[in-house]
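# Analysis of the macromolecular model
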Amino acid sequence: MIAGLIRSSREKVSSALRGIALAMKPQVVFVLGGPGAGKGTQCARIVQNYSYTHLSAGDLLREERSRTGSEFGQLIDSYIKEGKIVPVEITINLLRKAMEETMKADENKFRFLIDGFPRNQDNLQGWTTVMDGKADVKFVLFFDCSNEVCIDRCLERGKSSGRTDDNRESLEKRIQTYLQSTRPIIEQYEQQGKVRCIDASRDVDEVFADVKKVLDKEG
Ligand code: UDP
Ligand code: MG
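Since the model is a prediction, treat every value here as computed from it, not as a measurement.

Conventions we followed
Residues numbered from 1 in each chain as written. Chains lettered and ligands numbered in written order. Predicted model: local features only at pLDDT ≥ 70, side-chain atom pairs only at ≥ 80, totals over all residues. Heavy atoms only, no water. Salt bridge = Lys/Arg side-chain N within 4 Å of Asp/Glu carboxyl O. Helix = DSSP H or I, 4+ residues; strand = E, 2+ residues; numbered from the N terminus. Buried < 20%, exposed > 50% of the residue type's maximum accessible area, 1.4 Å probe, protein only. Near = heavy atom within 4 Å. Polar contact = N/O pair within 3.5 Å; in protein donor to acceptor, adjacent residues only side chain to side chain. Areas by Shrake-Rupley, 256 points an atom, 1.4 Å probe, with all protein chains shown as cover. 1 Å grid on protein atoms, 1.4 Å probe; cavity = no way out; pocket = protein on both sides within 12 Å on 5 of 7 lines; lining within 4 Å. Sits in = over half its atoms within 2 Å of the grid points. UniProt positions renumbered as here; feature names shortened; annotations may be inferred. Contact = heavy atoms within 4.5 Å. Points joined across faces, edges and corners; volume = space filled by probe spheres on them. Nonpolar A, V, L, I, M, F, W, Y, C, P; charged D, E, K, R; others polar. Phe/Tyr/Trp six-rings, centres within 6.5 Å; stacked < 30°, edge-to-face > 60°.

### Describing the pattern of salt bridges
Overall, the coordinates contain 20 salt bridges when judged by the stated rule. With its nearest N and O atoms 3.0 Å apart, the salt bridge here joins Lys173 to Glu82. Pair noted here: Lys173 is in helix H8 (residues 168-191) and Glu82 is in the loop between helix H4 (73-81) and helix H5 (88-105), with a separation of 91 residues, a long-range link. Arg202 is paired through a salt bridge with Asp210; the nearest N and O atoms lie 2.8 Å apart. Judged by relative accessible area, Asp210 falls into the partly exposed class, the value being 22%. Here the salt bridges do not stand alone but share partners, grouping Arg157, Arg163, Asp165, Asp166 and Arg174 into one network.

As structure tokens, this is what we get:
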């Protein structure tokens, strides 16, 4: 009798805790910066040291591009080569799915680094429409780097990355897209006091030391 009561109250507590955990809102850090600024590299370092899940919008799009049966494969392929930004309906669904799957597999994984998104007004609008109230954007980690350094790094990466957009022609277009479309998004967040700017022109360890300062304070 008593054992039964204890068991049932234990079950109630654990189901209540599960409820709380399920109700945890995703906590998001947007990671932005030019192509080759080091977003992916630094995100990998962050994941090793902090409890974040790294979601690269570009990687998710490349996965979708090569998924057999994807209706968006060709579209994504041409947008990436042209350095253009894929319509947000596609990207936001991939991001939402990845976040949901991560949280479903482990309810403690509700902190996300969203790398390479939002890149333009359309992206931001799509995010707001789908995720407003469902996720908190804590801040924007902005890897600031000159265009010259960005281009050099991507050309170097292009020797082995196999990426269709790590060549001079695509890079010129990616830089233009970044300057015209992404910088204004960063500026918008800046006006809200949400940008944490990191000088990304230095080597990986030096940059990460600054990233750590930000995350230790408010990560
Ligand atoms: N891309 C996009 N929407 C996104 C993220 C990426 O359309 O939200 C496309 C875009 O064409 C971009 C390319 O994917 O130029 C590569 O993005 P990625 O973030 O992988 O490049 P990185 O900035 O890391 O070099
Ligand atoms: Mg990247």
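Don't stop here, the text continues.
### Remarks on the site of ligand 1
In the region of ligand 1, 21 residues are neighbours, and Lys39, Arg62, Lys84, Val86 and Arg174 sit closest. Residue Arg62 places a side-chain N or O atom 2.7 Å away from an oxygen atom belonging to ligand 1. Between ligand 1 and Val86 there is a distance of 2.7 Å, counted from an oxygen atom to a backbone nitrogen or oxygen. Here ligand 1 loses 96% of its free accessible area of 530 Å² to cover by the protein chains. The cavity that encloses ligand 1 is the largest pocket. Elements that contribute at least two residues to the shell around ligand 1 include exactly helix H3 (57-66) and H4. If you tally residues by element for the shell around ligand 1, the top one is H3, at four residues.

### Some words on the UniProt feature "binding site: CMP" (unreviewed entry) in the chain
Residues annotated by UniProt as "binding site: CMP" (unreviewed entry) correspond here to Asn123. Once residues within four sequence positions are removed from consideration, Asn123 is found in contact with Ile85, Val86, Val88, Phe117 and Pro118.

### Structural notes on the UniProt feature "binding site: a ribonucleoside 5'-phosphate" (unreviewed entry) in the chain
UniProt's entry tags Arg62, Lys84, Ile85, Val86, Gly116, Phe117, Pro118, Arg119, Arg163 and Arg174 with the feature "binding site: a ribonucleoside 5'-phosphate" (unreviewed entry), counted in the numbering of this structure. From this annotated list, the subset lining the largest pocket comprises Arg62, Lys84, Ile85, Val86, Gly116, Phe117, Arg119, Arg163 and Arg174. Assignment of secondary structure puts Lys84 in the loop between H4 and H5. For Lys84, a relative accessible area of 47% corresponds to the partly exposed category. Counting through the fold element by element, Ile85 comes out in the loop between H4 and H5. Classification of Ile85 as buried rests on a relative accessible area of 16%. Once residues within four sequence positions are removed from consideration, Ile85 is found in contact with Tyr79, Arg119, Asn120, Asn123, Thr177 and Ser181.

### Some words on the environment of Glu107
Within the secondary structure, Glu107 is located in the loop between H5 and strand E3 (111-115). Residues Glu107 and Met24 lie 83 residues apart in sequence; the distance between their C-alpha atoms is 8.1 Å.

### Topic: H3
For H3, every residue scored as buried is listed here: Ala57, Gly58, Leu60, Leu61, Arg62 and Glu64. Buried residues along H3 sit in contact with strand E2 (53-56), H4, H5 and E3.

### Some details on the layout of surface pockets
Roughly 810 Å³ of internal volume is contained in the largest pocket. At the level of secondary structure, the elements contributing two or more residues to the lining of the largest pocket comprise strand E1 (27-33), helix H2 (39-49), H3, H4, helix H7 (147-161), H8 and helix H9 (204-218). Per-element accounting of the lining of the largest pocket gives the leading share, five residues, to H3. Tallied by class, residues from the lining of the largest pocket come to 16 nonpolar, 15 polar and 13 charged.

### What to know about the packing of aromatic side chains
How two aromatic rings sit relative to each other is given by the distance of their centres and the angle of their planes. With the rule as written, the count across this model stands at four aromatic pairs. Ring centres of Phe30 and Tyr189 lie 6.1 Å apart, and the angle between their planes is 65°; this geometry places the pair in the edge-to-face category. Taken as a pair, Phe30 in strand E1 and Tyr189 in helix H8 lie far apart in primary sequence, 159 residues in all. Under the relative-accessibility criterion, Phe30 is labelled buried at 0%. Note on Tyr189: relative accessible area 7%, which makes it buried. An aromatic cluster of at least three residues, connected via ring pairs, comprises Phe30, Phe117, Trp127 and Tyr189.

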